[in-house]
Structure formats: C-alpha cells, structure tokens
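So the chains spell out like this:
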Amino acid sequence: MPQTTTSRRPYWRSSWWMPGFSLFLGLVILAAFWSGGEPGLGLGALGLFTAIAALFLLGGRSDTLRGLGGPGRDERWAMIDLRATALAGTVLVTYVIGAWLWEIAHGDDGEPYAQMGAIGGLAYLLAVAVLRGRA
Amino acid sequence: MRNEIRNLRTAGGLSQQALAEAMDVSRQTINSIEKERYTPSLPLAIALARYFGTTVEEMFHAANHN
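From a predicted model like this one, the values you see are computed outputs, not experimental measurements. (Residues numbered from 1 in each chain as written. Chains lettered and ligands numbered in written order. Predicted model: local features only at pLDDT ≥ 70, side-chain atom pairs only at ≥ 80, totals over all residues. Heavy atoms only, no water.)

## A short note on the overall build of chain A
Then step 1. Scanning chain A from terminus to terminus reveals 5 helices and 0 strands.
Then step 2. When its helices and strands are written in sequence order, chain A yields α-α-α-α-α.
Then step 3. By the compact-globule yardstick of 14 Å for 135 residues, chain A is too spread out, its C-alpha radius of gyration being 20 Å.
Then step 4. C-alpha atoms of chain A, sized along the principal axes, occupy 70 × 45 × 25 Å.
Then step 5. Partitioning the intrachain contacts of chain A with sequence separation of at least 6 by distance along the chain shows that 39% fall at a separation of at least 24.
Then step 6. For chain A, the accessible surface area stands at approximately 9700 Å², while carbon and sulfur atoms represent 70% of it.
Then step 7. For chain A, the distance from the average position of its 10 positive side-chain charges to the average position of its 9 negative side-chain charges is 22 Å. (Helix = DSSP H or I, 4+ residues; strand = E, 2+ residues; numbered from the N terminus. Rg over C-alpha atoms; globule rule 2.2 N^0.38 Å. Contact = heavy atoms within 4.5 Å. Areas by Shrake-Rupley, 256 points an atom, 1.4 Å probe, with all protein chains shown as cover. Lys, Arg positive; Asp, Glu negative; His and termini not counted. Charge placed at Lys NZ, Arg CZ, Asp CG, Glu CD.)

What follows is the structure, given as structure tokens:
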C-alpha cells in the first residue's frame, strides 16, 4: 500500500486539550463564585469540572469521548459537532423568542430576551456576511 | 454514498483500525463510510483513492448530480 497521510496534529487534537480546558473552565467559575462571595459553590463547580477532565483523560477508547475530547476528532466529528451546535442554537433561539413573546404578551418589556434575540440575530447576519466571502 | 472501501480494504487484508490510522481518522469514521452513513470530504476521498491506488470515481459511486 502507498503512503499514509501522516501530518502534524493541531493542538486541539491533543489528549490533554479538553481535560486542560475543563480544568481552566472550573477555575474561572471558582474565581467568579469566589468574587461573588460563594466560594463553596465555586469549589463544587471546580470538583465537577475536575471530574469531567478526568473522564476525558481516562475515558479509554470511547468514540464519543475521544471525538468530543480531541484525539479522535476528525472530519466526521467536526460535522457532528457543527450539526449539534446548530441544533442547540436553534433550540436556544426558539426558547429566547418564545420567552420574549411570553414576556411582552404579559405586559413586560421582554428583557433580557429581546437583547439576547438581537445579539443572536446580529451574530448570525455577521457570520453569514463573513463566511459567504470565504466559502 | 455507495463505495468500494470495504472490498478494497478486505482484499488488502487491512483492518478498519489500520486504515483509520493511515488516514488519520477514527475507526468509526471508516466504519461509517463503509456503511454509507457518512460521505467523506473530497480530501479524504482523494487520500483513500491514492492509498488504494485507484481513483475517486472508481471508489465512490455517486448518483447523477445536476
């Protein structure tokens, strides 16, 4: 058989990437809770994210964990991630619009849902404007 | 998309894992391509064709695209 397609892997395909990112996120949440006067909740969050980091690091050969965590992340996983992100975004936008409609139908000003919807809409339009020039 | 990957792989005595490592993708991705659940990108399709010493057209059988 001819040559293989060995190439240098990007940093985010390292097995340390997702565990490190999870720990970093846990520390950021700890700092936020701590500055808000709730260090106990922060330590709880850090414990949770440490467990997630350990799961990614010690997750063995699980396709899902390797795909989410980095080392097994190939083009198929990038597609799965893109579709999952789009689905999650659609659910979130639907919720925000629904909540905004509910708020204004009950005589409220619709905040913060109006703001969130506006940010989402503008971000989408900006993304389309930028990405259509690249694709 | 219908393809000849399983035939070529087994004819060469290769495991899915070995082919996956050669292509720098996961074994499940090779499995998904063989089962026609996932259509590979053009770069991966070309890499697979080169690996087996054939062409993309001979390896993948697309329906007519207008």
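Past the structure itself, the notes keep going.
## Observations concerning the nonpolar core
Residues and elements named next belong to chain B.
Then step 1. Formed by 19 residues in total, the largest nonpolar core has its most connected members in Leu19, Met23 and Leu48.
Then step 2. At the level of secondary structure, the elements contributing two or more residues to this core comprise α2 (16–23), α3 (27–34) and α4 (42–51).
Then step 3. Here this core gets 6 residues from one element, more than from any other, and that element is α4.
Then step 4. Those residues in contact with Leu48 that lie beyond four places of it in its chain are Ile5, Leu19, Met23, Ile33, Met59 and Phe60. (Core = buried A, V, L, I, M, F, W, Y, C linked by side-chain atoms within 4.5 Å. Buried < 20%, exposed > 50% of the residue type's maximum accessible area, 1.4 Å probe, protein only.)

## Concerning the packing of α2 of chain B against α3 of chain B
Residues and elements named next belong to chain B.
Then step 1. At a closest axis distance of 8 Å, the pairing of α2 and α3 adopts a crossing angle of 105 degrees. Taken together, the axes of α2 and α3 are roughly perpendicular relative to one another. Of the residues in α3, those in contact with Gln16, Gln17, Leu19 and Ala20 of α2 are Arg27, Ile30, Asn31 and Glu34.
Then step 2. Looking at side-chain class alone, the contact of α2 with α3 contains 3 nonpolar, 3 polar and 2 charged residues. (Axes fitted to C-alpha atoms, helices over the stretch in contact; angles between N-to-C directions. Parallel < 35°, antiparallel > 145°, perpendicular 65-115°, else oblique. Nonpolar A, V, L, I, M, F, W, Y, C, P; charged D, E, K, R; others polar.)

## Structural notes on a nonpolar patch on the surface
Then step 1. On the surface, a nonpolar cluster with roughly 690 Å² of combined accessible area is contributed by Tyr11, Trp12, Trp17, Phe21, Phe24, Leu25 and Val28 of chain A.
Then step 2. Among the structural elements, Leu25 of chain A can be located in helix α1 (residues 17–35). (Patch = residues over 30% accessible without salt bridge, like charges linked within 9 Å, V, L, I, M, F, W, Y side chains within 5 Å. Salt bridge = Lys/Arg side-chain N within 4 Å of Asp/Glu carboxyl O.)

## Quick look at the packing of aromatic side chains
All names here are of chain B.
Then step 1. Under the definition given, this model contains 3 aromatic pairs over all chains.
Then step 2. Their ring planes at 90 degrees and their centres at 5.3 Å tell us that Tyr51 and Phe52 sit as a pair that is edge-to-face. Neither Tyr51 nor Phe52 differs from the other in exposure class; each is buried. (Phe/Tyr/Trp six-rings, centres within 6.5 Å; stacked < 30°, edge-to-face > 60°.)

## Describing unusual backbone geometry
Then step 1. Between Glu111 of chain A and the following residue, Pro112 of chain A, the backbone shows a cis peptide bond with an omega angle of 5 degrees.
Then step 2. Tracing the backbone shows Pro112 of chain A in the loop between α4 (75–105) and α5 (113–132).
Then step 3. The backbone phi angle of Asp24 of chain B is positive, close to 60 degrees, even though this residue is not glycine.
Then step 4. Within the secondary structure, Asp24 of chain B is located in the loop between α2 and α3.
Then step 5. Accessibility expressed as a relative area gives 17% for Asp24 of chain B, which makes it buried.

## Things to note about the domain arrangement of chain A
All names here are of chain A.
Then step 1. Taken domain by domain, chain A consists of domain 1 (8–73) and domain 2 (74–135).
Then step 2. The straight-line distance from the C-alpha centre of domain 1 to that of domain 2 is 25 Å.
Then step 3. Each partner contributes residues to the interface: domain 1 has 6 residues there, and domain 2 has 5 residues.
Then step 4. Here domain 1 is connected to domain 2 by 1 salt bridge.
Then step 5. One salt bridge in this structure joins Arg73 and Asp81, with 2.7 Å as the shortest N-O distance.
Then step 6. Looking at the side of domain 1 that touches domain 2 residue by residue, the classes come out as 1 nonpolar, 3 polar and 2 charged. (Domains from an automatic or database assignment.)

## With respect to α4 of chain A
Then step 1. The end-to-end C-alpha distance of α4 of chain A, which contains 31 residues, comes to 44 Å, matching closely the 45 Å that a straight helix rising 1.5 Å per residue would cover.
Then step 2. Arg76, Trp77, Val96, Ala99 and Glu103 of chain A are the residues of α4 of chain A that are buried.
Then step 3. Where α4 of chain A is buried, its residues contact α3 (63–69) and α5 of chain A together with α3 of chain B.
Then step 4. Between a side-chain oxygen at the N-terminus of α4 of chain A and the backbone nitrogen of Arg76 of chain A the separation is 3.2 Å; the capping residue is Asp74 of chain A.
Then step 5. Directly beyond the C-terminal end of α4 of chain A, a positive phi value near 80 degrees is found at Gly107 of chain A. (Expected span 1.5 Å × (residues − 1). Polar contact = N/O pair within 3.5 Å; in protein donor to acceptor, adjacent residues only side chain to side chain.)

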